[in-house]
Amino acid sequence: VAIGGKGFGFMNRIGARVVAHATQLGDQPHIETLIGPVKVLLDAYAEGKLSAVYLCYTRFINTMKQEVVVHQLLPLKADDLATDKAGHS
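Residues numbered from 1 in each chain as written. Predicted model: local features only at pLDDT ≥ 70, side-chain atom pairs only at ≥ 80, totals over all residues. Heavy atoms only, no water.

Asks: Please provide a residue-by-residue account of the overall build of the chain, values included.
Replies: A tally of helices and strands in the chain yields three helices and four strands. Shown N-terminal to C-terminal, the secondary structure of the chain runs as helices and strands in the order β-α-β-α-β-β-α. When its C-alpha atoms are laid out on the principal axes, the chain stretches across 35 × 35 × 25 Å. Within the chain, the fraction of its 89 residues that count as buried is 11%. A fraction of 12% describes how many contacts in the chain between residues 6 or more apart in sequence connect residues 24 or more apart. The positive charge centre, built from 9 side chains, and the negative charge centre, built from 8, are 7 Å apart in the chain. (Helix = DSSP H or I, 4+ residues; strand = E, 2+ residues; numbered from the N terminus. Buried < 20%, exposed > 50% of the residue type's maximum accessible area, 1.4 Å probe, protein only. Contact = heavy atoms within 4.5 Å. Lys, Arg positive; Asp, Glu negative; His and termini not counted. Charge placed at Lys NZ, Arg CZ, Asp CG, Glu CD.)

Right under this line is the structure:
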């Protein structure tokens, strides 16, 4: 699943099979635009077609440097649950 034009372009360039995407989101995407692609991921995970779901993006530092960030969303880790219970993010 690709979110955003750059992510969609990247996935196409590397020949990845894109099953859902959302582009032209603007600076403040609306949840309604993201529900479809996210549901595709959640359904595939629930059906056992995916063993994990990751969020991957680049964090802008400056015009010369961006940092790659990868967060595991599913399956949830015990550390993540403990952090949520404590009220921290």
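Asks: For the pairing of strand β3 (residues 53-62), give the residues involved together with the corresponding values.
Replies: Summarising the sheet, β3 and strand β4 (residues 65-74) pair through nine bridges and their orientation is antiparallel. By the bridge assignment, Y54 is partnered in β4 with Q72. The antiparallel pairing of β3 with β4 creates a hairpin that spans two residues between the two strands. (Pairing = 2+ DSSP bridges.)

Asks: Just give me the short version of the pattern of salt bridges, but keep the residues and values in it.
Replies: For the structure shown, the criterion picks out three salt bridges. Ionic pairing is found between D43 and K39, a salt bridge with its closest N-O pair at 2.7 Å. Here the residue D43 and the residue K39 both occupy positions in helix α2 (residues 31-46), the gap between them amounting to four residues, near one helical turn. Look at D43 and you get partly exposed, because its relative accessible area is 32%. One salt bridge in this structure joins E67 and R59, with 3.7 Å as the shortest N-O distance. For R59, a relative accessible area of 39% gives the class partly exposed. (Salt bridge = Lys/Arg side-chain N within 4 Å of Asp/Glu carboxyl O.)

Asks: Which residues make up the environment of G36, and what values do they have?
Replies: Position of G36 among the secondary structure elements: in helix α2. With 33 residues separating them in the primary sequence, G36 and I3 have C-alpha atoms 11 Å apart.

Asks: Explain α2 to me, using residue names and the numbers behind them.
Replies: For α2, which comprises 16 residues, the first-to-last C-alpha distance of 21 Å matches the rise-based estimate of 22 Å (1.5 Å per residue) to within 8%. Downstream of α2 by a residue or two, G48 has a phi angle that is positive, lying close to 80 degrees. (Expected span 1.5 Å × (residues − 1).)

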